[in-house]
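# Results of the structural survey
So you can see what is in the structure, the chains are spelled out below.
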Number of protein chains: 2
Amino acid sequence: MVRFYCGAGFSDSLHTQTGRDQCCGRKFYGTMESWQCCQHDVTQSPFYVKEVLTLNQVIATLQSRCSLRRYKDMALSDEHKDIILKSMMRAPSAGNMMLYSVIAIERQETKDILSRTCDNQPFIAKAPWVLVFAADIQRWFDYYQLCDVPQYCADHNLTYHQNPNLGDLFIAASDTLIAAQNAAIAAESLGIGSCYIGDIMENYETHRELLGLPDYAFPLAMLCLGYYPDDQKLEPPLLRPRFDQQCIVFNEKYHRLDASELQAMFAEREKIVQPGNNPFQAKNFGQLMYARKTGAPFFQEMHRSLQAAMQRWLGNKLSSLE
Amino acid sequence: MVRFYCGAGFSDSLHTQTGRDQCCGRKFYGTMESWQCCQHDVTQSPFYVKEVLTLNQVIATLQSRCSLRRYKDMALSDEHKDIILKSMMRAPSAGNMMLYSVIAIERQETKDILSRTCDNQPFIAKAPWVLVFAADIQRWFDYYQLCDVPQYCADHNLTYHQNPNLGDLFIAASDTLIAAQNAAIAAESLGIGSCYIGDIMENYETHRELLGLPDYAFPLAMLCLGYYPDDQKLEPPLLRPRFDQQCIVFNEKYHRLDASELQAMFAEREKIVQPGNNPFQAKNFGQLMYARKTGAPFFQEMHRSLQAAMQRWLGNKLSSLE
């Protein structure tokens, strides 16, 4: 069974009114045919947008996914884990080098530690399956040694770089995150929700020890995965509003937003902030987010941790970069 | 119409033998029903693996996608572009901050330049639609100024960081690449192929000027997109073999491969290298890949370019990192 997104956005009462109570919500398990049961009324929906009519299951999955932080208390089936990993392995990879490793974690003790080291998020410990995605060029540098590449370079007047550089690092990071998203999307299509944890980039030394990582592998992303809880399967997804597309996507050239454009971009989010309604005494959304995110201690820890990880990757040459 | 992957992997002749010639290849346009036309014989397929029976359209799309470098000479429809961008915008984003920007390029002059600056790949100039994905925290730092965050910090005994740091950078990179992959997958499901170009990370100064990027936005990934050429729609996808899963995915802890495991990992790829059959005079696959990738001039340029971009992002503080 595959989860589809109705897309029409009718409320339950509207569904009842139209006699379509077999389509009981915006997100449900069903077949492509039952998903289409709303099509005839879709233009009447308050959520109607043109592309609803052209959705396929892939688009529906991409557009309806949101982070899941509460999971059914049930291990993932071996079959589902295998499908997710196989889908991940087919992610595009620069030069087909696969510059990433994945640590799949089910041991409770490890999840307990990660729930503390990743900015104290208890739900991590309750996720049935946790995948840590590490940018990894260790295998290749080990293989280069095995293949006598240093001697080959000496014989052919090439420079042998003892350590990876920033190019390797960002290409590996790209491979890693692209693969992670394939895993997240594959899981979602199987009724398995997920949540990214960027905080795996904090506490590098602890995670390095915990996961046994070598110098040229460091964790960039983590996914917590689990089946949707039974009581949530029929719920509409709580999709958090995104910024307007015109603030994110530009034609031909970047457009730097001016003050009035920034105010328009953040207008909806500003509504949630009232002086005195937040523990940071922020007077506006910019101050709130700076206090909660950009200026928060965990971001400084992430910076420190990434510095330490990059030192390893670059062979202690970070400080000598121009 | 949506492209499905038959998955059974029967050759044309086998299909003919079984009388299923309506299913003429491994990749074809059709409905979920016609995709299922192979199910009854799937266990007889030389490519049979268990999960073929549980594939849905999402899994099929993820597992059958490969890079497309030759496109139908036809602009993408506005509707398709809109679906791809909307699917991208729903990608998970840390704190819902959307730390990325996308420059959508159709102007031939710009594509011509990119085809040269991105390691001389002429097919880039022929892609109908090119998306450049930039990690971007410029909007947020501009908004922080607009929101009097420096004064707020002074009043509340917080440090105001004038520039983003490595934490912001890698969180932004994560947002960026995850969003890019949503775009690639959405496109694929609509019959629109794509190819990532990591070389957009080279020549930072040129790309910064060309795309009008501010200090806190820099390009990490590029996707070339276009419809599949008519003569390729019915072709099986040329899926390049990946490394064995056991070399990439580890349970509970990282496993550093030893010499014999590395030799097994690379055994298939070693077969393509014969002394004298390559312009690099490499005697094995490790030497070949070092010469072609890790030790190649474009990787050194990428390193240099990323250093310059990181200098901007960090406010010229790269050299002072410990």
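The structure under discussion appears in the preceding block.
Residues numbered from 1 in each chain as written. Chains lettered and ligands numbered in written order. Predicted model: local features only at pLDDT ≥ 70, side-chain atom pairs only at ≥ 80, totals over all residues. Heavy atoms only, no water.

### Observations concerning the overall build of chain A
To keep it simple, the criterion reads: The way it works is that DSSP assigns letters per residue, a run of H or I at least four long becomes a helix, a run of E at least two long becomes a strand, and they are numbered from the N terminus. Exposure categories follow from relative accessible area, calculated using a 1.4 Å probe and restricted to protein chains: below 20% of the type maximum is buried, above 50% is exposed, and the middle band is partly exposed. Accessibility throughout is a Shrake-Rupley quantity obtained with a 1.4 Å probe, and a residue counts as covered only by protein chains that appear here.
Tallying secondary structure elements over chain A gives 14 helices and 7 strands in all. Relative to its 322 residues, chain A shows a buried fraction of 62%. Carbon and sulfur atoms make up 49% of the accessible area of chain A, which totals about 12800 Å².

### Thoughts on unusual backbone geometry
One non-glycine residue, N316 of chain A, adopts positive backbone phi at about 60 degrees. By the element assignment, N316 of chain A lies in the segment after α14 (297-313). Phi is positive for D119 of chain B, which is not a glycine, with a value near 60 degrees. Inspection of the secondary structure puts D119 of chain B in the loop between α5 (108-117) and α6 (123-126).

### Structural notes on the packing of helix α3 (residues 57-64) of chain A against helix α4 (residues 78-89) of chain B
Between two packed helices, the angle of one axis relative to the other and the distance separating the axes together describe the packing. Note the threshold: Angles here are taken between N-to-C directions and fall from 0 to 180 degrees, while the axes themselves are lines fitted to C-alpha atoms, restricted in helices to the stretch in contact. When an angle is under 35 degrees it counts as roughly parallel; over 145 it counts as roughly antiparallel; between 65 and 115 it counts as roughly perpendicular; any other value is oblique. By the definition used in this description, the sense in which the near helix is turned from the far one sets the handedness, with an anticlockwise turn below a right angle giving left-handed and a clockwise turn giving right-handed. What makes two residues a contact is simply this: any of their non-hydrogen atoms within 4.5 Å. By the convention adopted, Pro, Cys, Tyr, Trp, Phe, Met, Ile, Leu, Val and Ala count as nonpolar, Lys, Arg, Asp and Glu as charged, and the other residues, Gly among them, as polar.
Remark: α3 of chain A packs on α4 of chain B, axes separated minimally by 7 Å, with the N-to-C direction vectors making an angle of 40 degrees. It follows that α3 of chain A is oblique to α4 of chain B by the angle criterion. The handedness of the crossing between α3 of chain A and α4 of chain B is left-handed. Packed against α3 of chain A, whose contacting residues are I59, L62 and Q63 of chain A, the element α4 of chain B presents I83, K86 and S87 of chain B at the interface. Across the contact of α3 of chain A with α4 of chain B, the residue classes break down as 3 nonpolar, 2 polar and 1 charged.

### Focus: the layout of surface pockets
Heads up, the condition is: As defined here, a cavity is a set of points on a 1 Å grid over the protein atoms alone where a 1.4 Å probe fits but cannot get out. A pocket is an open set with protein on both sides within 12 Å along at least five of seven lines, and residues line them when an atom is within 4 Å of a point. Grid points are joined across faces, edges and corners, and a volume is the space filled by probe spheres set on the points.
Volume-wise, the second largest pocket comes out at about 880 Å³. Lining the second largest pocket are 38 residues; nearest its centre among them are S93, A94 and G95 of chain A together with R69 and Y196 of chain B. Looking at the lining of the second largest pocket, the element that brings in the most residues is helix α9 (residues 166-189) of chain A, giving 4 residues.

### Here's the deal with the interface of chain B and chain A
Which entries qualify depends on this criterion: By convention, the term buried area covers the 1.4 Å-probe accessible surface removed from two parts as they join, with the contributions of both added. We define a salt bridge as a side-chain nitrogen of Lys or Arg found within 4 Å of a carboxyl oxygen belonging to Asp or Glu. Whenever a nitrogen or oxygen atom comes within 3.5 Å of another N or O atom, the pair is scored as a polar contact, on the condition that within protein one atom can donate a hydrogen and the other can accept it, and that pairs from neighbouring residues in sequence are kept only if both atoms are in side chains. At least two bridges found by DSSP between two strands are what make those strands a pair.
Taken together, the contacts link 134 residues of chain B with 134 residues of chain A. Summing both sides of the interface, chain B and chain A together bury roughly 12700 Å²; the carbon and sulfur share of this comes to 61%. Contact with chain A buries area across many residues of chain B, yet R90, E252 and Y254 of chain B alone supply 7% of it, more than any other trio. Linking chain B with chain A are 2 salt bridges. Between R256 of chain B and D142 of chain A there is a salt bridge, and its shortest N-O distance comes to 2.9 Å. Where chain B meets chain A, there are 59 residue pairs in polar contact (both at pLDDT 80 or more). The element best represented in the side of chain B that touches chain A is helix α9 (residues 166-189) of chain B, accounting for 15 residues. When strand β3 (residues 100-105) of chain A meets strand β7 (residues 249-251) of chain B, the two strands line up parallel, connected through 3 bridges. What sits directly across from V102 of chain A, in β7 of chain B, is V249 of chain B.

### Quick look at the packing of aromatic side chains
Any aromatic ring pair is given by two values, namely how distant the centres are and how the planes are angled relative to each other. What counts here: When the centres of two rings from Phe, Tyr and Trp lie within 6.5 Å, Trp using its six-membered ring, the rings pair. Their planes under 30 degrees apart give stacked, over 60 give edge-to-face, and anything left gives tilted.
Here the structure, examined in full by the defined rule, presents 33 aromatic pairs over all chains. Ring centres 6.1 Å apart and planes at 40 degrees place the aromatic pair F266 of chain B and F285 of chain B in the tilted group. One end of the pair, F266 of chain B, is in helix α12 (residues 259-270); the other, F285 of chain B, is in helix α13 (residues 285-294), with 19 residues separating them in the sequence. Look at F285 of chain B and you get buried, because its relative accessible area is 4%. Cluster of aromatic residues (ring-pair linked, three or more members): W140, F141, Y143, Y144, Y160 and Y216 of chain A together with F243, F266, F285 and Y290 of chain B.

### Thoughts on the nonpolar core
Just so we agree on the cut-off: In these notes, a set of buried Ala, Val, Leu, Ile, Met, Phe, Trp, Tyr and Cys residues joined through side-chain atoms within 4.5 Å is what counts as a nonpolar core.
If you look at the biggest cluster of nonpolar residues, it comprises 216 residues, and the most contacted ones within it are M88, W140 and M310 of chain A together with M88, W140 and M310 of chain B. Excluding residues within four positions of it along the chain, W140 of chain A makes contact with M97 and L99 of chain A together with F243, F266, F285 and M289 of chain B.

### Quick notes on the pattern of salt bridges
Residue and element names in this part refer to chain A. Evaluated as defined, the whole model comprises 24 salt bridges over all chains. Ionic pairing is found between K81 and E106, a salt bridge with its closest N-O pair at 3.0 Å. With K81 in helix α4 (residues 78-89) and E106 in the loop between β3 and α5 (108-117), this residue pair connects regions lying 25 residues apart in the sequence. By relative accessible area, E106 is classed as partly exposed at 34%. Here the salt bridges do not stand alone but share partners, grouping D78, K81 and E106 into one network.

### Describing the relation of the copies chain B and chain A
Convention followed: Least-squares superposition of the copies uses the C-alpha atoms of those residues scoring a pLDDT of at least 70 in each of them.
In the superposition of chain B on chain A (RMSD 0.0 Å, axial shift 0.0 Å), the rotation amounts to 180 degrees. The relationship between the two copies is best expressed as a two-fold rotation axis. Mapped onto chain A, 100% of the interface residues of chain B are again interface residues, and the two copies thus contact each other with one and the same surface.

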